Amino acid sequence: PAPDSSIWFGHNEGGITHLVHGTFLKVRSAGVASSTINAIVDDHRHGIWAIAQNNGVVHIDANGNARLAATMDGVLWYALLELADGRLVAGASDGLHLFKPGMRDTLIAVGGLEQVTHASVRCLVRSVSDDRILAGTEDEGILSFLIEGDRPSAIATLGEQDRLADLHVQDMAMGERGQLI
């Protein structure tokens, strides 16, 4: 649940529903999100950032207004992770994208993460023990990296010595004790 105990749901056809005080409210996302909602992140202003697979990053404000915040032609969008400073890392069919929130619920592409991978990134989690980001890819297994400023550092592939680097990772999560599941 969000801090206000509401719950957001993303649907396969691009719809988004918001459960508030026991009432389901359908968000008006037609024309903005028309494909699978793959990830949702709280915007800390009673709204959300959402990844619509064929459309890009969508912002839904506290009033339920939808706006396309970032998109790129020919890119499929899969994962979204918020950093401690409010920037967003998005996993896509062409790798990773770093965004910072701009004016009027838009996102500004910061770039700089192409050093990590050009493989499709299907899922993202942050380590609970440090600020490492773990990216599950379709062709390179699980990649681990830090972001210093706007650039990645300490890039590593988990399980490379055990031949896990070629795995297609579709989903992962961080357990309550810091274990990758």
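Above this text is the structure in question.
Residues numbered from 1 in each chain as written. Predicted model: local features only at pLDDT ≥ 70, side-chain atom pairs only at ≥ 80, totals over all residues. Heavy atoms only, no water.

A. Main features of the side chain of Ser120. Looking at where Ser120 falls in the secondary structure, it is placed in the loop between β11 (107-109) and β12 (121-126). Looking at Ser120, the relative accessible area reads 10%, which means it is buried. Separated by 3.2 Å, the side chain of Ser120 and the backbone oxygen of Ser93 make a polar contact. Residues within four places of Ser120 in sequence aside, it is in contact with Tyr78, Ala92, Ser93, Gly136, Thr137 and Glu138. (Helix = DSSP H or I, 4+ residues; strand = E, 2+ residues; numbered from the N terminus. Buried < 20%, exposed > 50% of the residue type's maximum accessible area, 1.4 Å probe, protein only. Polar contact = N/O pair within 3.5 Å; in protein donor to acceptor, adjacent residues only side chain to side chain. Contact = heavy atoms within 4.5 Å.)

B. Up close: the environment of Asp131. Along the chain, Asp131 turns up in the loop between β12 and β13 (133-137). When its relative accessible area of 57% is taken as the criterion, Asp131 is described as exposed. In this structure, the C-alpha to C-alpha distance between Asp131 and Ala84, residues 47 residues apart in sequence, is 8.9 Å.

C. Inspection of the layout of surface pockets at higher detail. The computed volume of the largest pocket comes to approximately 200 Å³. Surrounding the largest pocket, Asn38, Ala39, Ile40, Val41, Tyr78, Ala79, Leu80, Leu81, Glu82, Leu124 and Arg126 form its lining. At the level of elements, β4 (37-42), β8 (77-82) and β12 are the ones that each hand at least two residues to the lining of the largest pocket. Per-element tally for the lining of the largest pocket: the top contributor is β8, with 5 residues. Along the lines of polarity and charge, the residues of the lining of the largest pocket split into 8 nonpolar, 1 polar and 2 charged. (1 Å grid on protein atoms, 1.4 Å probe; cavity = no way out; pocket = protein on both sides within 12 Å on 5 of 7 lines; lining within 4 Å. Points joined across faces, edges and corners; volume = space filled by probe spheres on them. Nonpolar A, V, L, I, M, F, W, Y, C, P; charged D, E, K, R; others polar.)

D. Expanded view of the side chain of Ser29. For Ser29, the location among the structural elements is in the loop between β3 (23-26) and β4. When its relative accessible area of 5% is taken as the criterion, Ser29 is described as buried.

E. Structural context of the pairing of β3. Both strand β2 (residues 16-20) and β3 contribute to a ladder of 4 bridges, which runs antiparallel. By the bridge assignment, Leu19 is partnered in β3 with Phe24. A loop of 2 residues connects β2 with β3, the two strands running antiparallel in sequence, and His21 in this loop sits at a positive phi of about 50 degrees. (Pairing = 2+ DSSP bridges.)

F. Layout of the sheet that holds β12. Ordered by their spatial adjacency, 4 strands build an open sheet running β12-β13-β14-β15, and the pairing between neighbours is antiparallel. The open sheet has two edge strands with one neighbour each: β12 and β15 (151-158). Across the sheet, the axes of successive neighbouring strands diverge by a mean angle of 25 degrees, strand direction being ignored. In this structure, strand β14 (residues 142-148) lies alongside β15, joined through 6 bridges in antiparallel fashion. Counted as the bridge partner of Glu148 is Arg151 from β15. (Axes fitted to C-alpha atoms, helices over the stretch in contact; angles between N-to-C directions.)

G. Looking closely at the environment of His118. Within the secondary structure layout, His118 lies in the loop between β11 and β12. As a C-alpha pair, His118 and Leu107 span 11 residues in sequence and 21 Å in three-dimensional space. If we ignore the near neighbours within four places in the chain, the residues touching His118 are Ser93, Asp94 and Gly95.

H. Expanded view of the sheet that holds β4. With respect to topology, 4 strands assemble into an open sheet ordered β4-β5-β6-β7, the strand pairing being antiparallel. Since the sheet does not close on itself, it has two edges, and those belong to β4 and β7 (66-70), each with one partner. On average, each strand axis in the sheet is inclined to that of its neighbour by 30 degrees, with strand direction left out of account. Inspection of the sheet shows strand β6 (residues 56-60) paired to β7 by 4 bridges, in the antiparallel sense. Bridge assignment links His59 to a residue of β7, and that residue is Arg67.

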